[in-house]
Amino acid sequence: MEFRLTEEQLQVEEMVRNLSRKEFAPKAAAVDEEGRYPGENHRRLADLGLLGMLYPAGYGGSEAGAVSYNIALREVAAACASTAVGMAVTNMVGETIFLHGNEAHRRKYLPMLAGGRGAGAFALTEPGAGSDAGGLSTTARAEAGAFLLNGSKAFITNGANACVAIVMAVTQKSPRKISAFLVEPATPGFLVGKPERKMGLKGSDTVSLTFEECRVPESALLGRPGDGLKIALGALDGGRIGIASQAIGIAGAALGAATEYAKERKQFGRTLGEFQAIQWMLADAATELEAAQLLVYRAAFLKERKAPHTREASMAKVFATEAGNRACLKAVQVLGGYGYVSDYPVERNLRDVKVGTIYEGTSEIQRLVISRSLLR
Ligand SMILES: Cc1cc2nc3c(=O)[nH]c(=O)nc-3n(C[C@H](O)[C@H](O)[C@H](O)COP(=O)(O)OP(=O)(O)OC[C@H]3O[C@@H](n4cnc5c(N)ncnc54)[C@H](O)[C@@H]3O)c2cc1C
């Protein structure tokens with residue numbers, strides 16, 4: 001057993017940490033305050049090969065592997081969580097096209113996504129189908145060599161800035177079949193809703209999408225008809241490891257800020273760090289984040305070796321996002337009143353970390369996945 005990152009993984013860590021600290025962190029507060037989509041950050045990620053990390057160079061990717069990818073995501077999230085979530089979904093969409101697309105799909109979309117010419121969107125959730133994703137009601141009706149999409153998707157990350165969206169829709173009512181489609185936003189009938197006003201991740205692009213007789217060619221079908229849910233759930237296995245990494249990045253930044261603050265701030269003639277109550281908060285947060293990181297590395301390691309990792313991804317997600325939430329709450333507590341105001345980043349960190357226990361499957365759904373694998 002090796003507890004060391006490879007040279008290549010260490011290089012990715014250093015490169016992305018430098019980029020994120022130098023270019024993303026200084027404007028993260030403004031991105032949050034203005035609720036501005038940081039398109040320039042997305043393009044910088046593309047410059048450095050960080051948007052196509054899970055497929056080969058022949059398609060514009062950098063094929064860095066799941067471990068390096070998760071390290072990169074964590075480092076970006078530590079600086080600007082809004083940038084990280086856009087990066088995560090773009091990488092997930094690219095990998096899904098690489099795994100399930102035909103050669104024409106790969107040639108068309110993968111260089112676009114890796115090159116930052118638009119983000120990738122993944123449209124599964126609907127107003128009436130969240131945790132129960134299989135209950136979705138968007139339809140795709142076959143007609144004269146095309147499919148006509150009708151229905152609505154909710155909370156779609158990158159929806160307004162996408163160059164392509166993977167859209168799950170019902171193609172057959174009985175027996176029920178869900179299929180996946182590659183849909184370009186310029187297609188007539190592809191309608192983008194107003195940006196959601198969110199608690200955190202205010203710079204990330206989250207919109208509803210509506211399809212009204214949106215006609216896509218037969219060639220827009222991704223994978224085989226009826227495989228849509230399988231494709232989506234497979235993508236989420238990898239995505240969930242990424243959400244765990246984001247939580248570790250965000251909470252790690254909060255813990256770092258709280259630790260520095262505890263060294264400086266004095267009350268009762270002593271620094272906060274001299275009080276055992278504060279020491280224990282920092283120690284508990286650091287320990288939990290370390291444990292979360294190990295779960296992430298294990299899940300990513302398995303994924304990279306193409307080994308089953310559904311349960312491990314759910315374990316990493318539920319533990320890391322909940323530990324991340326606890327760590328950010330502690331960081332705010334360590335800063336006292338200053339933790340509650342936006343002059344310090346921990347307030348934003350707490351708002352940004354929260355959604356980790358909700359999207360790409362809530363904590364309750366992760367526990368369902370884990371317990372099912374135990375009780376099988
Ligand atoms: C910022 C943001 C970005 C998002 N990005 C995307 C995206 O890009 N693409 C996409 O498709 N979706 C996206 N989502 C949607 C997200 O994945 C869903 O919100 C999530 O899956 C939960 O669905 P829901 O909101 O409908 O909650 P519901 O499913 O209604 O759940 C409500 C509550 O009930 C609980 N619950 C539900 N079923 C069970 C059960 N069987 N057992 C126990 N408890 C249960 C849930 O855990 C939760 O606590 C995003 C959401 C947000 C907030």
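The structure we're discussing is the one just above.
As a starting point, this report considers the structure included with it. None of the values given here were measured: they were computed from a predicted structure. (Residues numbered from 1 in each chain as written. Predicted model: local features only at pLDDT ≥ 70, side-chain atom pairs only at ≥ 80, totals over all residues. Heavy atoms only, no water.)

With that settled, the discussion passes to the site of the ligand. Taken together, 15 residues form the shell around the ligand, and within it Phe122, Thr125, Ser131, Thr362 and Glu364 come nearest. Take Ser131: an N or O atom from its side chain is 2.6 Å from an oxygen atom of the ligand. Contacts to the ligand include Thr157, whose side-chain N or O atom sits 2.8 Å from a nitrogen atom. For the ligand, whose free accessible area comes to 980 Å², the fraction covered by protein is 64%. The dominant element in the shell around the ligand, judged by the number of residues it contributes, is strand β3 (residues 146-157), at 3 residues. Counted by class, the shell around the ligand contains 7 nonpolar, 5 polar and 3 charged residues. (Near = heavy atom within 4 Å. Polar contact = N/O pair within 3.5 Å; in protein donor to acceptor, adjacent residues only side chain to side chain. Areas by Shrake-Rupley, 256 points an atom, 1.4 Å probe, with all protein chains shown as cover. Helix = DSSP H or I, 4+ residues; strand = E, 2+ residues; numbered from the N terminus. Nonpolar A, V, L, I, M, F, W, Y, C, P; charged D, E, K, R; others polar.)

We now examine the side chain of Thr321. You can see Thr321 is positioned in helix α8 (residues 310-335). Apart from residues lying up to four places away in sequence, Thr321 is in contact with Ile243, Ala247, Ala316, Gly356, Thr357 and Ser363. (Contact = heavy atoms within 4.5 Å.)

So, about the pairing of strand β7 (residues 206-217). Sheet analysis places β3 next to β7, joined by 9 bridges and oriented antiparallel. Along β7, the bridge assignment pairs Leu148 with Arg215. (Pairing = 2+ DSSP bridges.)

This brings us to the nonpolar core. Buried together is how nonpolar side chains tend to be arranged in soluble globular proteins. With 50 residues, the main nonpolar core has Leu45, Leu50, Met53, Met87, Ile278 and Val334 as its most contacted residues. For this core, the secondary structure elements donating two or more residues are α1 (7-34), α2 (39-47), α3 (66-79), α4 (81-100), α6 (228-264), α7 (276-304), α8 and α9 (346-354). With 9 residues, α6 is the single largest residue contributor to this core. Once residues lying within four places of it in the same chain are set aside, the contact partners of Leu50 are Met15, Val16, Leu19, Leu45, Ala72, Met87 and Asn91. In terms of nonpolar packing, the next biggest core, distinct from the first, is built from 29 residues, Tyr55, Phe122, Val164 and Ile178 among them. (Core = buried A, V, L, I, M, F, W, Y, C linked by side-chain atoms within 4.5 Å. Buried < 20%, exposed > 50% of the residue type's maximum accessible area, 1.4 Å probe, protein only.)

Everything listed here is a matter of geometry and, on its own, says nothing about what the molecule does.
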